[in-house]
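Listed here are the chains, written in short residue letters.
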Amino acid sequence: MEATAAWPEADGTSAGPPAGPAGAAGAFAQPPASGAPLAPKKAGRDRYLDLLRTLALIRVVCYHLFGWAWLTVLFPSMGVMFALAGSLMARSLKRPALGVIRGRVRRLLPPLWVFSAVMLAMMFAAGWNISEDPDNGGTWGMIELFNYVVPIGAPPFPWSIGDKSGLLEQTWAVQSAGVLWYLRAYLWFVIASPLLLWAFRRAPWPTLLAPLGLTAVVGTGLVTIPGETGNAISDFAVYGGCWVLGFAHHEGMMQKLPRYAVVSCSALLMAFGLWWASGHLGPDGWDLNDIPLAQATWSFGFVVILLQYSPSWQELPGRLKRWDRLVTLSNSRAMTIYLWHNLLIMATVPILDQLYDLPFMDDQLVGVLDTTYMLWMFVLVWPLIGLAIVSVGWIEDLAAKRSPQLWPDGTKKNGTKKKGGTRARARAR
């Protein structure tokens, strides 16, 4: 989606490896191949990580729109976003853990509340009666509504709502609320981070690899945990390695390991992931979201390589500079984009359907529109996302105790750059 994985920090910086020793983790790592010490990092945002977050968000939108399974192989967005979030969390835990967790929860909840209020209002208006829902009914279903307030579990929603002639397809609630799995996983990672970071600094390799081992147990059918509890544990296992990789990146461990060894081992792990996927294809073929062990190993290896080559840009280089404002905006509104994008994708359908009623639409033009419909959905969803950023994105600023901005792309009202650079399907992934 979650997008939520790596919201901009209150101090306007991104995580990155420190200049000095990496704590206990450094004892397990080798010096750089060149023998030279790590260069000191300047304060400020790491624009390489910001760029990765932007690419991850774009890939999430494209995947949910087109449903192309190969996108999960091309760029495992969720693994990347969890790794970036883990790196930010490790940096923040220089401060007292309870205060850090409280700050993360504070930034998470208000945007969720606005989204939840809209979703619940739409579902109840469409006729959803949770007390009579066969999948979510009874007292327990009412209790689970609390997950729309604090995402400690899976929120209930109807699997089919409305009628076929309605503005939105009957699975719109599943598609829209299904993305909230990511907020649940993110919240539990945040809560577990003090313990995970403590374990990583004392035993980095076991802590780093343990989630892959857990995935091999709960993600392959060797041990089956039913219901949403099983889904939550599976998500924690699949992406736990990427979260801890964020710790390794922040602690400087990635930069101390020999690059050739890191890339070689990562390539072998990714090859294993593809081999496993080839024998366990799901209903959508090579969609790694349906193959937990393949998702975990492919994402882990992919993220290792991305972080190993991390250039820690203080500003986007060369031709990438033209995308500076977009990168800044998407990082400043990552949660808004993730929460609302699926609902906005479906909102493009009733808007585009109005074109069929235009007086000049003959059979030939109707055929052209039918052929290019998905393309027009892709074109239209971005201005709708922009509208959501303007309408509700400023809530992210209030949640982070920042001055609210309608369009935080790193420029002042007069269009000049800020001094010092910029600032900041169901269960689908």
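Up top is the structure these notes are about.
Because the structure is predicted, anything quoted here is derived from the model rather than measured. (Residues numbered from 1 in each chain as written. Predicted model: local features only at pLDDT ≥ 70, side-chain atom pairs only at ≥ 80, totals over all residues. Heavy atoms only, no water.)

Asks: Which parts of the structure should I look at to understand the packing of helix H3 (residues 77–92) against helix H4 (residues 97–125)?
Replies: Packed helices, taken two at a time, are described by their axes: the angle between them and the distance between them. Direction vectors running N to C along H3 and H4 enclose 135 degrees, while the axes themselves pass 10 Å from each other. Between H3 and H4, the interaxial angle falls into the category oblique. Across the interface between the two elements, Leu88, Met89 and Ser92 of H3 pack against Val100, Ile101 and Arg104 of H4. The residue inventory of the contact of H3 with H4, partitioned by class, reads four nonpolar, one polar and one charged. (Axes fitted to C-alpha atoms, helices over the stretch in contact; angles between N-to-C directions. Helix = DSSP H or I, 4+ residues; strand = E, 2+ residues; numbered from the N terminus. Parallel < 35°, antiparallel > 145°, perpendicular 65-115°, else oblique. Contact = heavy atoms within 4.5 Å. Nonpolar A, V, L, I, M, F, W, Y, C, P; charged D, E, K, R; others polar.)

Asks: Is there a simple way to explain a nonpolar patch on the surface in this structure?
Replies: Together, Trp113, Phe146, Val149, Ile152, Trp188 and Ile191 line one region of the surface with nonpolar side chains, adding up to about 540 Å² of accessible area. Within the secondary structure, tryptophan 113 is located in helix H4. (Patch = residues over 30% accessible without salt bridge, like charges linked within 9 Å, V, L, I, M, F, W, Y side chains within 5 Å. Areas by Shrake-Rupley, 256 points an atom, 1.4 Å probe, with all protein chains shown as cover. Salt bridge = Lys/Arg side-chain N within 4 Å of Asp/Glu carboxyl O.)

Asks: What am I meant to see in unusual backbone geometry here?
Replies: Residues other than glycine predominantly adopt negative phi, and peptide bonds predominantly adopt the trans conformation. Not every positive phi belongs to a glycine, and serine 312 is a case in point at roughly 50 degrees. Relative to the helices and strands, serine 312 is located in the loop between helix H12 (292–308) and helix H13 (324–332). The phi dihedral of lysine 401 is positive, around 60 degrees, even though this residue is not glycine. Within the secondary structure, lysine 401 sits in the segment after helix H17 (394–399). For lysine 401, a relative accessible area of 66% translates into the label exposed. (Buried < 20%, exposed > 50% of the residue type's maximum accessible area, 1.4 Å probe, protein only.)

Asks: What should I look at first to understand the packing of helix H8 (residues 204–218) against helix H9 (residues 227–251) in this one?
Replies: Contact geometry of H8 with H9 gives a least axis separation of 8 Å together with a crossing angle of 160 degrees. Overall, the two elements H8 and H9 adopt an arrangement that is roughly antiparallel. In this structure, H8 meets H9 at a crossing whose hand is left-handed. In contact with Thr207, Leu208, Pro211, Leu214, Thr215 and Val218 of H8, H9 contributes Ile233, Ser234, Ala237, Val238, Gly240, Gly241, Val244 and Leu245. Across the contact of H8 with H9, the residue classes tally to nine nonpolar, five polar and no charged. (Left-handed = near helix turned anticlockwise from the far one by under 90°.)

Asks: Please clarify how the environment of leucine 281 should be interpreted in this entry.
Replies: The residue leucine 281 is located in the loop between helix H11 (259–278) and H12 in this model. In the structure, leucine 281 is positioned 13 residues away from alanine 294 in sequence and 10.0 Å away in space, judged by C-alpha atoms. Discounting residues that sit within four places of it in the chain, leucine 281 has contacts with Trp286 and Ile291.

These figures come from the coordinates and say nothing about function on their own.
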